[in-house]
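Listed below are the residues making up each chain.
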Amino acid sequence: MAQSVLLTGAAGRVGTAILADLADEHEWRLMDRDPMTDDHPGEFVVADITDEEAVREAMDGVDVVIHLAGDPRPDAPWDSVLTNNIDGTQTIFEAAVDADVEKVVFASSNHAVGAYETEERTPDLYRTHDDYLLDGTELPRPGNLYGVSKAAGESIGRYYHDEFGLSVACVRIGNLTEGHPPIDYERGQAMWLSYRDCAHLFDRCIRADYEFEIVYGISDNDRKYYSIERAKEALGYEPQDNSARHD
Ligand SMILES: NC(=O)C1=CN([C@@H]2O[C@H](COP(=O)(O)OP(=O)(O)OC[C@H]3O[C@@H](n4cnc5c(N)ncnc54)[C@H](O)[C@@H]3O)[C@@H](O)[C@H]2O)C=CC1
Ligand SMILES: O=C1O[C@H](COP(=O)(O)O)[C@@H](O)[C@H](O)[C@H]1O
């Protein structure tokens, strides 16, 4: 069934991948601090996610929030991730509870667990012969302040689930690259997420029933150190792409 979905950070790369395949699948309300120049479905709200009043207005009548807005730079400074990724995310969750939203899907990141990639484990970790696998049950282990902000976002989601019963899915997105896996970048190839698998995974997050989930958002790459089993089991994720099938 089509859902009414608020998509924050709609003008960015992940938002673009989602809307490319799902524009006609749901009723969209899009939010970003930058206006969107391309054609887009639904209403577009130009607002910052730290603007509580604007967020509350945008949340009215919404079933599901996909929360992408934030500073995506792995080297982002603390003041930016504190404002955009941590404070902004808390504002979104608080407003979602007050608006009786059913589900919030949070764009987490591989960088929430980046420090598992120790010197001893890499680069073997990025290759098919290595069987080391993170499955989403491990503790966060960020390798930068951006990763800290994503781990904080997951904890904020856990709190709003436990305290208020909101359904929450945290997707630890790998490396979203359009058309083909990253070139000459083993780490990126192991965590590649194609545009169509990205759209499909977020569609499953909109449609599936769950309580609180942390899943990895990558394609079905031969080389992988993130398990996609939980995304398959809990959400019905069926990826079609694999970085090993590209040159
Ligand atoms: N692209 C990727 O491979 C990955 C992305 N992610 C996460 O997915 C989300 C989306 O990332 P991308 O689309 O790649 O980034 P992007 O930079 O292309 O898009 C982010 C969008 O959010 C908006 N935004 C940022 N701060 C905002 C604020 N305070 N209020 C309103 N809008 C704001 C920006 O204007 C931008 O349009 C981010 O949270 C990022 O951390 C996580 C892992 C990998
Ligand atoms: O969280 C993110 O991760 C991807 C992949 O990380 P990288 O350090 O291997 O580039 C990154 O491209 C994206 O910008 C970021 O938001």
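Note: the structure precedes this text.
Residues numbered from 1 in each chain as written. Chains lettered and ligands numbered in written order. Predicted model: local features only at pLDDT ≥ 70, side-chain atom pairs only at ≥ 80, totals over all residues. Heavy atoms only, no water.

A. Structural context of the packing of helix α1 (residues 13-22) against helix α6 (residues 195-207). Between α1 and α6, the least distance of the axes is 8 Å, while the angle of their chain directions is 80°. Looking at the two axes, α1 sits roughly perpendicular to α6. Contacts from Arg13, Val14, Ala17, Ile18, Asp21 and Leu22 of α1 reach α6 at Tyr195, Arg196, Cys198, Ala199, Phe202 and Asp203. When its residues are assigned to classes, the contact of α1 with α6 shows eight nonpolar, no polar and four charged. (Axes fitted to C-alpha atoms, helices over the stretch in contact; angles between N-to-C directions. Helix = DSSP H or I, 4+ residues; strand = E, 2+ residues; numbered from the N terminus. Parallel < 35°, antiparallel > 145°, perpendicular 65-115°, else oblique. Contact = heavy atoms within 4.5 Å. Nonpolar A, V, L, I, M, F, W, Y, C, P; charged D, E, K, R; others polar.)

B. A look at the sheet that holds strand β4 (residues 64-67). Judged by pairing direction, the sheet is parallel, and its seven strands sit side by side in the order β3-β2-β1-β4-β5-β6-β9 without closing on themselves. At either margin of the open sheet sits one strand with a lone partner, and together these are β3 (43-46) and β9 (212-217). Pairs of neighbouring strands in the sheet enclose a mean axial angle of 20°, with direction left out of account. (Pairing = 2+ DSSP bridges.)

C. Just the packing of aromatic side chains, in detail. Inspection of every chain in the model, using the stated rule, returns seven aromatic pairs. Taking 5.7 Å as the distance between ring centres and 15° as the angle between the ring planes, the aromatic pair formed by Phe93 and Tyr160 counts as stacked. Remark: Tyr160 occurs in helix α4 (residues 145-164) and Phe93 occurs in helix α3 (residues 78-98); sequence separation between them is 67 residues. Plain terms: the ring middles of Tyr216 and Tyr226 are 4.3 Å apart, the flat faces sit at 5° to each other, and that makes the pair stacked. (Phe/Tyr/Trp six-rings, centres within 6.5 Å; stacked < 30°, edge-to-face > 60°.)

D. Main features of the site of ligand 1. Within the structure, ligand 1 sits among 25 residues, and Arg13, Asp32, Leu68, Tyr146 and Lys150 are positioned closest to it. Contact distances for ligand 1 include 3.0 Å between a nitrogen atom and a side-chain N or O atom of Asp48. Bound to the protein, ligand 1 loses 91% of the 820 Å² it would expose on its own. Among the secondary structure elements, those contributing two or more residues to the shell around ligand 1 are α1, β5 (103-109), α4 and β7 (175-176). Ranked by residues supplied to the shell around ligand 1, first place goes to β5 with three residues. In the shell around ligand 1, the residues fall into 11 nonpolar, eight polar and six charged. (Near = heavy atom within 4 Å. Polar contact = N/O pair within 3.5 Å; in protein donor to acceptor, adjacent residues only side chain to side chain. Areas by Shrake-Rupley, 256 points an atom, 1.4 Å probe, with all protein chains shown as cover.)

E. Quick look at the site of ligand 2. With respect to spatial proximity, the complete set of residues near ligand 2 consists of Arg13, Pro72, Pro74, Ser109, Asn110, His111, Tyr146, Gly174, Asn175, Tyr185 and Arg187. For ligand 2, an oxygen atom lies 2.6 Å from a polar atom in the backbone of Pro72. Tyr185 is positioned such that a nitrogen or oxygen atom in its side chain is 2.3 Å from an oxygen atom of ligand 2. Protein contacts shield 77% of the accessible area of ligand 2, which totals 370 Å² for the unbound molecule. Classifying every residue of the shell around ligand 2 gives four nonpolar, five polar and two charged.

F. Representation of the pairing of strand β6 (residues 167-173). Of all seven residues making up β6, seven are buried, and the element is well covered by its neighbours. Of the two faces of β6, the one carrying Ser167, Ala169, Val171 and Ile173 and the one carrying Val168, Cys170 and Arg172 are both buried. Inspection of the sheet shows β5 paired to β6 by seven bridges, in the parallel sense. The residue of β6 that forms the bridge with Val104 is Val168. (Buried < 20%, exposed > 50% of the residue type's maximum accessible area, 1.4 Å probe, protein only.)

G. Representation of the packing of α3 against α4 in the model. Running from N to C, α3 and α4 cross one another at 15°; their axes reach a closest spacing of 9 Å. The angle between α3 and α4 places the two elements in the roughly parallel class. Considering only the axes of α3 and α4, their crossing is right-handed. Side by side, α3 and α4 meet where Trp78, Val81, Asn85, Ile86, Thr89, Gln90, Phe93, Glu94 and Val97 of the first sit next to Leu145, Tyr146, Val148, Ser149, Lys150, Ala152, Gly153, Ile156, Gly157, Tyr160 and Phe164 of the second. Residues belonging to the contact of α3 with α4 are distributed by class as follows: 12 nonpolar, six polar and two charged. (Left-handed = near helix turned anticlockwise from the far one by under 90°.)

Function-wise, these values are silent; they only describe arrangement.
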